[in-house]
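What the coordinates show
Spelled out from the first residue to the last, the chains are:
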Amino acid sequence: MRMPTIALALLALAYCLPASAVDVQNYLRANAAANSEGGGQTCFGLAGAGAKYRLGNECGVYGEMLLGQRLVQGDAGEDVKAYAMLNLGNAAASNNAKRPEGGWKIGLPQAYLAIEHVSGLGDAALWIGRRYYKREGVNANDFLYWNPSGMGVGIENVPLGPMKFSYAYLHDDQQTMPIMRVGDTANRHDFQLRGVPVNPDGTLELGLALIRSDGERGHHGGSMLTVQHRQRILAGAGDNRLAVQWGTGAGTDNGATGDISNGHDVHRLRVVESWYAQVTRRFGGELVAVWQRDTAHDAAKAKTWASAGGRMSYALLEHVKLLADVGHDRVAPQNGDVRRLTKVTGAIALTTAPGYFDRPELRLFFTHAHWNEAARAAARTNDPLAANGVFGTALSGYTVGVTFENCW
């Protein structure tokens, strides 16, 4: 079935079924801006870094709609539910041209069937299909450091005392894992144990991904181990997460299958520290620090990425917020000069409520970025940081624009 046909079918489902029968979750982000060279919206990211800081630094339009429909309700309280997500994006506000061109892209990142609240399994769930699965990320730089999503089958949240155990078997290819090459496939086992009590208001979350490649010559499997400590702070108005991850071979991605040409000499050690709190009704923020070291016999795959930054929000009035975002990324390749990029954004936002995550928001922003010669030399052709990009030989630039963001 062609993707536009799927999209129309999902939209028809949303309108044809009674409102009470469908659970709907939506997200929409749209940007319009001008850069210091006379072009449109431009986004700043460092070659080799795993993420970029978001505020005033997102291009184009993106939206998604998740539909959940109860099909059957069992006598013991079980729910058989179907889920489907349609997403829609347009990169017309391009990174690399004064008069950019872009087209709409439609995707179906989630489509799965679940049996929820299975009483015989302690209220656990069974599922099959393609889904976003137990993702952990940082909002400030949109870094999904633990993302075992994919297509497969699993059992989720089986109680073991105060803990919850989950297992998923997933089949990965380029359709479900864009980082993979066309034609490559792999099978992945994902084990997770969450809610391990270790201290007051603090728990451990453990994950292990085991990957087996398709067996073709030059293709390899791999693994990734994740240990995360989650600490509730400020009476539940925020949390602190410290994650340590170790991956080998095809397991050096974010808990999913990565490049299966990576042999067992390819290793990744990552540490992520993230903090979020709504400190008062008007003041909230996020802080993040990432350190990641990749080692390999191939020097081109060996580098160290370090990142630190955050976003703060303060409500001047009930419906007016001031926002500030600062982020610095540093990439040190094994052979080559150290690349650096610093991005600073200030914004004023109209909003419905004063909290950090309260939406919708309509923001007027100013973003300034500065980078070094090594960052320019490593940038891809036509990237804003590249010598043939929109900023040419300059090592800094800015954008001014508006962003609308909402989730409901």
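Here's a quick rundown of the structure. Nothing here was measured: the structure is a model prediction, and the numbers come from that model.

Section: the overall build of the chain
When its secondary structure is counted, the chain shows two helices and 20 strands. Relative to the globule expectation of 22 Å for 408 residues, the C-alpha radius of gyration of the chain, 22 Å, shows essentially globular dimensions. The buried share of the chain, reckoned over its 408 residues, is 48%. Long-range pairs, those at least 24 residues apart, make up 58% of the contacts in the chain with a sequence separation of at least 6. With the model as given, the accessible surface of the chain reaches about 18900 Å², and the carbon-plus-sulfur share is 60%.

Some thoughts on the environment of Y62
Within the secondary structure, Y62 sits in strand β2 (residues 61-73). At 3.5 Å, the side chain of Y62 forms a polar contact with the side chain of N87.

As for the pairing of strand β17 (residues 320-333)
Across 14 bridges, the pairing between strand β16 (residues 303-317) and β17 is antiparallel. Bridge assignment links G310 to a residue of β17, and that residue is V326. Taken together, β16 and the strand that follows it, β17, pair antiparallel across an intervening segment of two residues. Sheet analysis places β17 next to strand β18 (residues 339-351), joined by 12 bridges and oriented antiparallel. Opposite H328, over in β18, you have T342 as the bridge partner. Following β17, the chain reverses through five residues before pairing antiparallel with β18; G336 in that reversal takes a positive phi of roughly 140°.

What to know about the state of the cysteines
Summed over all chains, the structure comprises one disulfide. Disulfide pairing places C43 opposite C59 at an S-S distance of 2.2 Å. On the sign convention where negative is left-handed, the bridge of C43 and C59, at about 125° about the S-S bond, is right-handed. Of this pair, C43 sits in the loop between β1 (22-35) and β2 while C59 sits in the loop between β1 and β2, placing them 16 residues apart in sequence. A relative accessible area of 3% means that C43 is categorised as buried. The thiol sulfur of C407 is not disulfide-bonded, and the nearest other cysteine sulfur, from C43, lies at 20 Å.

Considering the layout of surface pockets
What the second largest pocket holds in volume is close to 170 Å³. Contributions of two or more residues to the lining of the second largest pocket are made by β1, β2 and β3 (79-90). Here the element with the most residues in the lining of the second largest pocket is β2; it accounts for four residues. Its residues placed into classes, the lining of the second largest pocket shows eight nonpolar, two polar and one charged.

Thoughts on the pattern of salt bridges
With the rule as written, the count across this model stands at 27 salt bridges. When the shortest N-O distance is used, the salt bridge between R230 and E205 registers 2.8 Å. Pair noted here: R230 is in strand β12 (residues 222-233) and E205 is in strand β11 (residues 202-213), with a separation of 25 residues, a long-range link. The class for E205 is buried, based on a relative accessible area of 6%. With a shortest N-O distance of 2.5 Å, R376 and E373 are connected by a salt bridge. With R376 and E373 both in helix α2 (residues 373-378) and three residues apart, this pair spans about one turn of that helix. Judged by relative accessible area, E373 falls into the partly exposed class, the value being 46%.

A closer look at the packing of aromatic side chains
How two aromatic rings sit relative to each other is set out by the distance from centre to centre and by the angle between their planes. Tallying each qualifying case throughout the model produces 13 aromatic pairs. With centroids separated by 5.6 Å and ring planes inclined at 20°, the aromatic side chains of F44 and F391 adopt a geometry described as stacked. Taken together, the residues span a long stretch of sequence, with F44 in the loop between β1 and β2 and F391 in the loop between α2 and β20 (396-407) at a distance of 347 residues. Take F44 and F391: they sit in the same class, and that class is buried. Between F143 and W305, the ring centres sit 5.2 Å apart and the planes meet at 80°, which makes this aromatic pair edge-to-face. Pair noted here: F143 is in strand β7 (residues 143-146) and W305 is in strand β16, with a separation of 162 residues, a long-range link. Its relative accessible area of 3% is what places F143 among the buried residues. In textbook terms, an aromatic cluster arises when at least three aromatic residues are bridged by ring pairs, as seen for F44, W371 and F391.

Digging into the environment of N406
By secondary structure assignment, the location of N406 is in strand β20. C-alpha of N406 to C-alpha of S274: the two residues are 132 residues apart in sequence and 23 Å apart in space. If near-sequence neighbours (up to four positions away) are discounted, N406 is found in contact with N26, Y27, L28, R359 and P360.

Side note on empty space enclosed by the protein
Counting across every chain of the model gives one cavity of 30 Å³ or more. Here the largest cavity defines a volume of roughly 40 Å³. Forming the walls of the largest cavity are F44, K52, Y53, N57, G327, D329, L341 and K343. Those elements giving two or more residues to the lining of the largest cavity turn out to be β17 and β18. Classifying every residue of the lining of the largest cavity by side-chain character gives three nonpolar, two polar and three charged.

Rules used in this analysis
Residues numbered from 1 in each chain as written. Predicted model: local features only at pLDDT ≥ 70, side-chain atom pairs only at ≥ 80, totals over all residues. Heavy atoms only, no water. Helix = DSSP H or I, 4+ residues; strand = E, 2+ residues; numbered from the N terminus. Rg over C-alpha atoms; globule rule 2.2 N^0.38 Å. Buried < 20%, exposed > 50% of the residue type's maximum accessible area, 1.4 Å probe, protein only. Contact = heavy atoms within 4.5 Å. Areas by Shrake-Rupley, 256 points an atom, 1.4 Å probe, with all protein chains shown as cover. Polar contact = N/O pair within 3.5 Å; in protein donor to acceptor, adjacent residues only side chain to side chain. Pairing = 2+ DSSP bridges. Disulfide = S-S within 2.5 Å. 1 Å grid on protein atoms, 1.4 Å probe; cavity = no way out; pocket = protein on both sides within 12 Å on 5 of 7 lines; lining within 4 Å. Points joined across faces, edges and corners; volume = space filled by probe spheres on them. Nonpolar A, V, L, I, M, F, W, Y, C, P; charged D, E, K, R; others polar. Salt bridge = Lys/Arg side-chain N within 4 Å of Asp/Glu carboxyl O. Phe/Tyr/Trp six-rings, centres within 6.5 Å; stacked < 30°, edge-to-face > 60°.

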